[in-house]
Amino acid sequence: MIQQTRAMKPRPRSLILLVAVLVGMTSALLPRQAMAETVIKELPPIPLTSVTAPGSVTGVGPNGEPAIYWMSSGNSAVFSATHARTGEQLLSIPIPNAQGSWTLSRHPSGDIYIGSYGEGRLYRYHPGDTTVEDLGRPIAGETFIWSTTVDDKGMVYGGTGQ
């Protein structure tokens, strides 16, 4: 009787497991000194060439010019206005109780309403003012105003979420 033998093929799962174990053992055997020699060097300053402003709205600027209102994120967000035609900065107001905004809406009166995140506060800016009015937290416990809109009668609505 002749017996035929087949070559044993390694199973893919077994091979992957074997490679993973060997890689793990190799890194565990590295001397601590070799790992300690890894140094992260400080990078030179990187120039900021743009700012993310997820929410913005157009309106009339502080002196009657066409403006784009927006808010940049940060430890204290900054409410800004930029001249729509020239790109000139018209306004920059830090907002200490806000980390940023996804939504700004223009009221028929020309006022700008800003829904913020961090503390979920609503703000109002009247073009020409040098401050932003904190209208408070519309809903206790909410930390994020995702959207705002104003109807044709001037009622401001907002969508919240934590």
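In the block above lies the structure referred to throughout.
Residues numbered from 1 in each chain as written. Predicted model: local features only at pLDDT ≥ 70, side-chain atom pairs only at ≥ 80, totals over all residues. Heavy atoms only, no water.

The next subject is the pattern of salt bridges. A complete count under the given rule lists 3 salt bridges for this structure. Notably, a salt bridge pairs glutamate 119 with arginine 121, separated by 3.3 Å at the nearest N-O pair. Residue classification places glutamate 119 among the partly exposed positions, given a relative accessible area of 31%. Assessed through its relative accessible area of 18%, arginine 121 is described here as buried. As a salt-bridge pair, arginine 121 and aspartate 134 come within 2.8 Å of each other at their nearest N and O atoms. A residue pair is termed long-range when its members are at least 10 positions apart, and arginine 121 in the loop between β6 (112-117) and β7 (122-125) and aspartate 134 in strand β8 (residues 133-136) qualify at 13 residues. (Salt bridge = Lys/Arg side-chain N within 4 Å of Asp/Glu carboxyl O. Buried < 20%, exposed > 50% of the residue type's maximum accessible area, 1.4 Å probe, protein only. Helix = DSSP H or I, 4+ residues; strand = E, 2+ residues; numbered from the N terminus.)

This paragraph deals with the packing of aromatic side chains. Applying the stated criterion to the full structure yields 6 aromatic pairs. Ring centres 5.7 Å apart and planes at 5 degrees place the aromatic pair tyrosine 69 and phenylalanine 79 in the stacked group. Here tyrosine 69 is found in strand β2 (residues 66-72), whereas its partner phenylalanine 79 is found in strand β3 (residues 77-83), with 10 residues between them in sequence. Each member of the pair, tyrosine 69 together with phenylalanine 79, is buried. Their ring planes at 50 degrees and their centres at 5.7 Å tell us that tyrosine 69 and tyrosine 125 sit as a pair that is tilted. Remark: tyrosine 125 occurs in strand β7 and tyrosine 69 occurs in strand β2; sequence separation between them is 56 residues. With respect to class, tyrosine 69 is no different from tyrosine 125; both count as buried. (Phe/Tyr/Trp six-rings, centres within 6.5 Å; stacked < 30°, edge-to-face > 60°.)

Attention now moves to the side chain of threonine 103. Positionally, threonine 103 belongs in strand β5 (residues 100-106). By relative accessible area, which is 7% here, threonine 103 ends up buried. A distance of 2.7 Å separates a polar atom in the side chain of threonine 103 from a polar atom in the side chain of threonine 148. Discounting chain neighbours no more than four positions away, the residues touching threonine 103 are Gly55, Tyr113, Ile114, Gly115, Ile145, Trp146, Ser147 and Thr148. (Polar contact = N/O pair within 3.5 Å; in protein donor to acceptor, adjacent residues only side chain to side chain. Contact = heavy atoms within 4.5 Å.)

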